[in-house]
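Letter by letter, the chains look like this.
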Amino acid sequence: MLISVSDRVKLLFSEAGFLFCNCVLVEDDIRTIIDTGADTKSLLEIEPARMDQILYTHHHYDHTRGHRLFTDAQTYIHANDAQAFDSEQEFMYYNSIDRWGELMPGIDYREAAMQMGMEVTEDLVIPIHDYLSDGQVLDLGHTKVEVLHTPGHSAGHCSFWFPDQEFLFTGDICLTNAGPWYGEVLASPDQMLHSIDRLIALKPPRLCSCHTKEIDTDPMGTLQEYKARIYKREERIYRYLKNKPATFNELADQHLIYRMHPTPFVLFWEKLMILKHLERLEKLGMVNHDKYGTFETI
Ligand SMILES: [Zn+2]
Ligand SMILES: [Zn+2]
């Protein structure tokens, strides 16, 4: 479903589940799309073969999966994420799937991925023509869009600011109930906090993310609450450990990040997120662990 932000800037709301994403379409001299992860039917309706360029918010599969339809487009992403598209091995590393065997013993990754709706047989290599950089302003003809490097979710994650339309596209600073996510190898809760602060400082009058279903026209409270969740998660982990020292696996069984673990992937994500928080708590000098992997508060 296409929703107008302005005459030339449109939001393409994906009509499929969380493994797909919303995109921004700019109908201008340089016909541009931000992300290609909407469902195929929605993408086909916007004439993908006529697209001049693709700007990626970040490297995740749910943001790139439709890229093959855009047969004639130049592709751009922040340099910190570009390598994820080089090979299947890099994809595994950037998504921390290379840790699956260690964190999820006895559970087959491919089976779990297919159960979740990922097409794991897809070719994951995507050619990139050039890099996006922070502060870069792209002139699309009548529309300008500024790149804001907002790492945390991934190292190269970018948000996009349309200054004339006063509209912010926050990518996977997702503002859904499940977020924020900062579990993979190059992600970082500290950077996520910093990036959310940056968006708050921009005071956008309206915004949309890649996974929310409408334009938020009063987003300051939304951003503040989203940021506070990071501290709340950390508090739950710290409080649990204060009460009772625990191994990392014992912590993951407490559902301190995600209330439910309906698929192996959610448990995997819980584990990755717990690891990031333990790392942060150790850095802050609030927690340490012994040689058996038991964590306790200091
Ligand atoms: Zn993502
Ligand atoms: Zn996403």
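Residues numbered from 1 in each chain as written. Chains lettered and ligands numbered in written order. Predicted model: local features only at pLDDT ≥ 70, side-chain atom pairs only at ≥ 80, totals over all residues.

Caption draft 1: The overall build of the chain, seen in detail. Counting secondary structure elements, the chain contains ten helices and 15 strands. Referenced to the eigenvectors of the C-alpha coordinate spread, the extents of the chain come out at roughly 60 × 40 × 30 Å. (Helix = DSSP H or I, 4+ residues; strand = E, 2+ residues; numbered from the N terminus.)

Caption draft 2: Here's a closer look at the domain arrangement of the chain. Segmentation of the chain into domains returns domain 1 (2-227) and domain 2 (239-297). For domain 1 versus domain 2, the distance between C-alpha centres works out to 28 Å. Counting residues at the interface gives 13 residues for domain 1, matched by eleven residues for domain 2. Contributing elements (two or more residues each) for the side of domain 1 that touches domain 2: helix H5 (100-103), helix H6 (109-116) and helix H7 (189-202). Looking at the side of domain 1 that touches domain 2 element by element, the count peaks at three residues for H6. Class assignment for the residues of the side of domain 1 that touches domain 2 results in eight nonpolar, three polar and two charged. (Domains from an automatic or database assignment. Contact = placed C-beta atoms within 7 Å. Nonpolar A, V, L, I, M, F, W, Y, C, P; charged D, E, K, R; others polar.)

Caption draft 3: Molecular detail of the sheet that holds strand E15 (residues 294-297). The sheet built from three strands is open, its strands ordered E13-E15-E14 with antiparallel pairing. In the strand order of this sheet, the two ends are held by strand E13 (246-247) and strand E14 (287-289), each with one partner. Direction of pairing for E14 relative to E15: antiparallel, over a ladder of three bridges. Of the residues in E15, the one forming a bridge with Asn-288 is Glu-296. Sheet strands in contact with helix H8 (residues 219-243) are E13, E14 and E15, and its direction is about 95° off that of E15. (Pairing = 2+ DSSP bridges. Axes fitted to C-alpha atoms, helices over the stretch in contact; angles between N-to-C directions.)

Caption draft 4: Layout of the nonpolar core. Core analysis: the largest hydrophobic core is formed by 53 residues, its most contacted members being Cys-23, Val-24, Ile-33, Ile-34, Ile-54, Leu-55 and Phe-160. Ignoring sequence-local partners within four residues, the contact set of Ile-34 consists of Cys-23, Val-24, Leu-55, Thr-57, Phe-160 and Phe-169. Counting residues in hydrophobic clusters, the runner-up holds 16 residues, among them Leu-251, Ala-252, Trp-269 and Met-273. (Core = buried A, V, L, I, M, F, W, Y, C linked by C-beta atoms within 7 Å. Buried ≥ 20, exposed ≤ 12 C-beta atoms within 10 Å, placed from the backbone.)

Caption draft 5: Highlighting unusual backbone geometry. Cis peptide bonds are those with omega within 30 degrees of zero, and the linkage from Gly-179 to Pro-180 qualifies with -10°. Turning to its location among the elements, Pro-180 is positioned in the loop between strand E11 (167-169) and H7. Positive phi, close to 70°, is recorded for Asp-35, a residue that is not glycine. For Asp-35, the location among the structural elements is in the loop between strand E4 (32-34) and helix H1 (40-44). Using a count of 29 C-beta atoms within 10 Å as the deciding quantity, one classes Asp-35 as buried. The backbone of His-255 shows a phi angle near 55°, a positive value even though the residue is not glycine. Inspection of the secondary structure assignment puts His-255 in the loop between helix H9 (248-252) and helix H10 (264-283).

Caption draft 6: A look at the packing of H7 against H8. Where H7 meets H8, the axes come as close as 10 Å, and the angle between the chain directions of the two elements is 165°. Between H7 and H8, the crossing angle belongs to the class labelled roughly antiparallel. The chirality of how H7 crosses H8 is left-handed. When H7 is examined against H8, the residues Pro-189, Met-192, Leu-193, Ile-196, Leu-199 and Ile-200 are found in contact with a partner set consisting of Met-220, Leu-223, Gln-224, Tyr-226, Lys-227 and Ile-230. When its residues are assigned to classes, the contact of H7 with H8 shows ten nonpolar, one polar and one charged. (Parallel < 35°, antiparallel > 145°, perpendicular 65-115°, else oblique. Left-handed = near helix turned anticlockwise from the far one by under 90°.)

Caption draft 7: Structural detail: the sheet that holds strand E7 (residues 130-132). Judged by pairing direction, the sheet is mixed, and its seven strands sit side by side in the order E1-E2-E3-E4-E5-E6-E7 without closing on themselves. Edge strands, defined here as strands with exactly one partner in the open sheet, are strand E1 (2-4) and E7. Each neighbouring strand pair of the sheet contributes to a mean axis angle of 25°, computed without reference to strand direction. By the bridge criterion, three bridges tie strand E6 (residues 74-78) to E7 in an arrangement that is parallel. Its bridge partner being in E7, Tyr-76 is matched across the sheet by Asp-130.

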